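Survey of secondary and tertiary structure
This is what each chain is made of:
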Amino acid sequence: MKYLNRRQFVSRSSSLAATVAVPTLAGIGCTEAKMDEADLSAKESIHAQAKKGGLQFGAAILASQLKNDRAFREAVIRECGVLTHENELKWATLQNRENQEYNFSKADYIVDFAEEHNMAVRGHTLVWHLGYPKYLDQTVNPKSGRDIMVAHIEELSKHYAGRMHSWDVVNEAIDIKYEREDGLAETLWFKAMGEEYLDIAFETAHKADPKALMVYNENGLVYGRERHDKKRKAVLDLLKRRLSNNIPLDALGIQSHLSIGQHPFERDKFVGFLNDVADLGLRIYITELDVRDTHGPADIATRDQLVADEYKRFMEIIVDHPAVDMIVTWGLSDKYTWINEWAPRLDGLPARPLPLDHKMRRKKGWDVIVESLEARQKNDL
Ligand code: XIL
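Heads up: these notes are all about the structure in this document. Here the structure is a predicted model, which means the values were calculated and not measured.

Before going further, it helps to spend a moment on the nonpolar core. Across soluble globular proteins, nonpolar side chains have a tendency to be buried as a group. Judged by nonpolar contacts, the single largest core of 101 residues is most densely connected at Val-76, Trp-167, Val-170, Trp-189, Tyr-197, Tyr-216 and Ile-254. When residues in this core are grouped by element, the largest group, 8 residues, is from helix H15 (residues 300-320). When near neighbours in sequence (up to four residues on either side) are disregarded, Trp-189 contacts Trp-91, Val-127, Trp-128, Leu-136, Val-140, Gly-145, Ile-148, Met-149, Gly-194 and Tyr-197. Within the second largest apolar cluster, 7 residues are counted, among which are Ala-120, Tyr-285, Met-326 and Val-328.

Okay, structure coming up:
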């Protein structure tokens, strides 16, 4: 096999990715048949590249997207080794009214699909203060809160026992806007049980599904502003308190909703934080990676380059960190992204935060993700 050095590899894989559209699996077969062996490995998929370097790669998706969009489904099969439900495991999707039986049909569809294609599934999420049915505002109080939360965790964990790679047991427990010393958010769960709700949640989830890895998932941990510093500290302290209570906890999920031109990226702070988490003996999962282009220029080539630059800054750190096991993007194709709803551009143009474009073609962001993974494999040699 002809050896390509890193520079040749990079320029070769980007120029190919830019010119070759990959709409279907059959399409890839055809295109790849014309490539030499080195090209073939460069073109495989993010999942294949990640796997070679000992990492898992996947994306958050919706069941409806898999069901109704063949090109998307094929892209997911090609690029992903892990799936997360974007919304189907959130409480309000499973149940609207008190005492109503949980409807797992959409969530099951994703788990079945993942198993059929040999992919792992990350459960998102058991305890959160958003995406829950409104009736909880009336029913959760210091007397009832614990039983309600425990019953919910058991319902989900037992339904999928033995099938989940990991659960985001608690999502976003820290919010410094409450101005508490410990940084904890005063959510309905906190108001009902105090900080102990975290311990109860992890213990319950672990008992119900001892095989699943237990993850604490949090946002706002990457950038360099003071509020990110505060959040990193609060999260580290929260993790340490759980560990000193002997709570089952395996990994920190770092959501990683990045953005272009918004925040300073301070490499040392972020690397220091990853090291601190690793020193606690925890693994690290990147759980919700995307790059918000809300404030980027309208021009697509320039915008895609800025998004790719941000992916690159981040990936170069992540792929080389020994505690990182997994990278999951929040969506896979720009055709389906929460950014259009949650942080739309003022000019009304569709957001482009993900590795594939609206037609499932690989973007510059895809190239830099694959290049960083490739660099990791070389470093390991
Ligand atoms: C978002 C989904 O992407 C949206 O479709 C939904 O309307 C709101 O939730 N952090 C999380 C995710 O942990 O669950 C959120 O998902 C995005 C931010």
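Having seen the model, we can carry on.
This part covers the site of the ligand. Not every one of the 13 residues close to the ligand is listed here, only the nearest: Glu-86, Lys-90, His-124, Asn-171 and Glu-288. The side chain of Glu-86 places a nitrogen or oxygen atom 2.4 Å from an oxygen atom of the ligand. For the ligand, an oxygen atom lies 2.9 Å from a polar atom in the side chain of Asn-87. Burial of the ligand by the protein chains amounts to 86% of its free accessible area of 420 Å².

The next thing to look at is the packing of helix H13 (residues 226-244) against helix H14 (residues 267-279). Between H13 and H14, the shortest axis-to-axis distance is 11 Å and the interhelical angle comes to 5 degrees. As judged from the angle between their axes, H13 and H14 are roughly parallel. Only Lys-269, Phe-273, Asp-276 and Val-277 of H14 make contact with H13, whose side of the interface consists of Asp-229, Arg-232, Val-235 and Leu-236. When the residues that make up the contact of H13 with H14 are grouped by side-chain class, the tally is 4 nonpolar, no polar and 4 charged.

Next up on the list: the side chain of Arg-232. Relative to the helices and strands, Arg-232 resides in helix H13. A relative accessible area of 5% places Arg-232 in the buried class. Polar side-chain contacts of Arg-232 include one of 2.7 Å to the side chain of Asp-229.

On to the pairing of strand E2 (residues 82-85), then. Burial along E2 is two-sided: the face carrying Val-82 and Thr-84 and the face carrying Leu-83 and His-85 are both buried. Relative to E2, strand E1 (residues 56-61) is paired through 4 bridges, and the arrangement is parallel. Its bridge partner lying in E2, Ile-61 is registered against His-85.

Along the polypeptide, Asp-182 turns up in the loop between strand E4 (166-171) and helix H11 (188-193). Within the local environment of Asp-182, its side chain forms a polar contact with the side chain of Arg-180, the two groups lying 2.9 Å apart. Looking at Asp-182, its side chain comes within polar contact range of the main-chain nitrogen of Leu-184, at 3.0 Å. If near-sequence neighbours (up to four positions away) are discounted, Asp-182 is found in contact with Ile-174, Ala-234 and Arg-241.

Rules used in this analysis
- Residues numbered from 1 in each chain as written.
- Predicted model: local features only at pLDDT ≥ 70, side-chain atom pairs only at ≥ 80, totals over all residues.
- Heavy atoms only, no water.
- Core = buried A, V, L, I, M, F, W, Y, C linked by side-chain atoms within 4.5 Å.
- Buried < 20%, exposed > 50% of the residue type's maximum accessible area, 1.4 Å probe, protein only.
- Helix = DSSP H or I, 4+ residues; strand = E, 2+ residues; numbered from the N terminus.
- Contact = heavy atoms within 4.5 Å.
- Near = heavy atom within 4 Å.
- Polar contact = N/O pair within 3.5 Å; in protein donor to acceptor, adjacent residues only side chain to side chain.
- Areas by Shrake-Rupley, 256 points an atom, 1.4 Å probe, with all protein chains shown as cover.
- Axes fitted to C-alpha atoms, helices over the stretch in contact; angles between N-to-C directions.
- Parallel < 35°, antiparallel > 145°, perpendicular 65-115°, else oblique.
- Nonpolar A, V, L, I, M, F, W, Y, C, P; charged D, E, K, R; others polar.
- Pairing = 2+ DSSP bridges.

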